[in-house]
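# Understanding the architecture of this molecule
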Amino acid sequence: MQLPKVNIPPYLRNKYIISFVVFIVWLGFFDANNLLHKYKLSRRIAELEQQKEHYIVEIEQNQRKLHEIQENAKSLEKFAREQYLMKKKNEDIFVIIEK
């Protein structure tokens, strides 16, 4: 009994094309710097860039508040009362927590 002949196209028998396909598969899946790893890293970089922008805005707001507190005594008193629950003598403080 004879096996039927399989007709393989010539471009699949070319050693350069075969080596190119193997190279692409190796880079895509098995290499230390594969495509999946690069994609995850680029997503992480984008996330960190967003955090950086958030913190830059927060720093600017805090600097404005600090400047306001340093310039105005009433602002300093208001800040101390709100943030640290400081009070004058003979004063009572009631903290209301809204849900």
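A brief structural summary. From a predicted model like this one, the values you see are computed outputs, not experimental measurements.

Attention now moves to the pattern of salt bridges. Under the defined criterion, the tally for this structure stands at 4 salt bridges. Close ionic contact of arginine 81 with glutamate 77 constitutes a salt bridge, the shortest N to O distance being 3.2 Å. One end of the pair, arginine 81, and the other, glutamate 77, are both in helix 4 (residues 73-84), 4 residues apart, so they sit about a helical turn from each other. Using a relative accessible area of 28% as the deciding quantity, one classes arginine 81 as partly exposed. Across the pair lysine 88 and glutamate 77 runs a salt bridge whose closest N-O atoms are separated by 3.6 Å.

In this structure, the largest pocket encloses a volume near 210 Å³. Lining the largest pocket, in full, are Lys65, Glu68, Ile69, Ser75, Lys78, Phe79, Glu82 and Gln83. Going through the elements one at a time, helix 3 (35-71) and helix 4 are the ones with two or more residues in the lining of the largest pocket. It is helix 4 that provides the largest number of residues to the lining of the largest pocket, a total of 5 residues. The residue inventory of the lining of the largest pocket, partitioned by class, reads 2 nonpolar, 2 polar and 4 charged.

Conventions used here
Residues numbered from 1 in each chain as written. Predicted model: local features only at pLDDT ≥ 70, side-chain atom pairs only at ≥ 80, totals over all residues. Heavy atoms only, no water. Salt bridge = Lys/Arg side-chain N within 4 Å of Asp/Glu carboxyl O. Helix = DSSP H or I, 4+ residues; strand = E, 2+ residues; numbered from the N terminus. Buried < 20%, exposed > 50% of the residue type's maximum accessible area, 1.4 Å probe, protein only. 1 Å grid on protein atoms, 1.4 Å probe; cavity = no way out; pocket = protein on both sides within 12 Å on 5 of 7 lines; lining within 4 Å. Points joined across faces, edges and corners; volume = space filled by probe spheres on them. Nonpolar A, V, L, I, M, F, W, Y, C, P; charged D, E, K, R; others polar.

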